[in-house]
Every structure is written in structure tokens, then in C-alpha cells.
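Below are the chains, spelled out letter by letter.
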Amino acid sequence: MGLLNSEQALIAILANIFFIGISFYALQALMMDKIIKKNRVFQAQLFYILTSIMIGSIVANFFLNLTSWSNQLPFLFE
């Protein structure tokens, strides 16, 4: 039996938040000081946030699609 739409929405929201947090944590390992201009702190923080949202959303969509496709595999053998 599949999940209800509200359960799917909750799982999607939690997956996106989780992977955005993971990507934000991973991006902090990069030394962006050499790339970003001096006195551009706000722009650097905005870049980190937007990049982590972008990466986290892509990874979350990948895992959500993967679970959806794996749930549909039994229909191949019916």
C-alpha cells in the first residue's frame, strides 16, 4: 500500500531540510576565502545558503525518486 499524499509531502519536506543541512555542512569544508572578494561577507553567506539549497534539493529529489522507483518495481513482475 502506498503512502498518502500528506505523508509523501512530509517525507519530501524532511528530506529536503535534511539534505540542505548536510550540504551546508559539507560546503563549510571548502576554503572560499581565496575565491570571494574582501568585504563581501553578506554575499558570501548568501552564496553558501543558495548553493546548499541547490545541492540539497537535487540530492533530496534523487533519493525521493529512487525510493519511488523502487516501490514501483514489483509492478514489473505482475
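Right above here is the structure, for reference.
Residues numbered from 1 in each chain as written. Predicted model: local features only at pLDDT ≥ 70, side-chain atom pairs only at ≥ 80, totals over all residues. Heavy atoms only, no water.

**Q** Looking at this structure, I do not really get the side chain of Ser23. What am I missing?
**A** Along the polypeptide, Ser23 turns up in helix α1 (residues 5-27). Leaving out residues up to four positions away in the same chain, Ser23 has contacts with Ser52, Ile55 and Gly56. (Helix = DSSP H or I, 4+ residues; strand = E, 2+ residues; numbered from the N terminus. Contact = heavy atoms within 4.5 Å.)

**Q** How should the side chain of Ser52 be read in this particular structure?
**A** Considering the arrangement of structural elements, one finds Ser52 in helix α2 (residues 41-72). Engagement of the side chain of Ser52 in a polar contact is seen with the backbone oxygen of Ile49, the distance being 2.8 Å. Beyond its immediate stretch of four places on either side in the chain, Ser52 contacts Ile20, Ser23, Phe24 and Leu27. (Polar contact = N/O pair within 3.5 Å; in protein donor to acceptor, adjacent residues only side chain to side chain.)

**Q** Sorry, what's going on with unusual backbone geometry here?
**A** Leave glycine aside and you will find that most residues have negative phi; peptide bonds, for their part, are mostly trans. Residues other than glycine seldom take positive phi values, yet Asn39 does so here, at roughly 60°. Position of Asn39 relative to the elements: it lies in the loop between α1 and α2.

**Q** What should I look at first to understand the environment of Ile22 in this one?
**A** Structurally, Ile22 can be placed in helix α1. By relative accessible area, which is 43% here, Ile22 ends up partly exposed. Taking C-alpha positions, Ile22 is 8.2 Å from Ser52, a pair spaced 30 residues apart along the chain. (Buried < 20%, exposed > 50% of the residue type's maximum accessible area, 1.4 Å probe, protein only.)

Remember, this is a structural readout, not a statement about activity or role.
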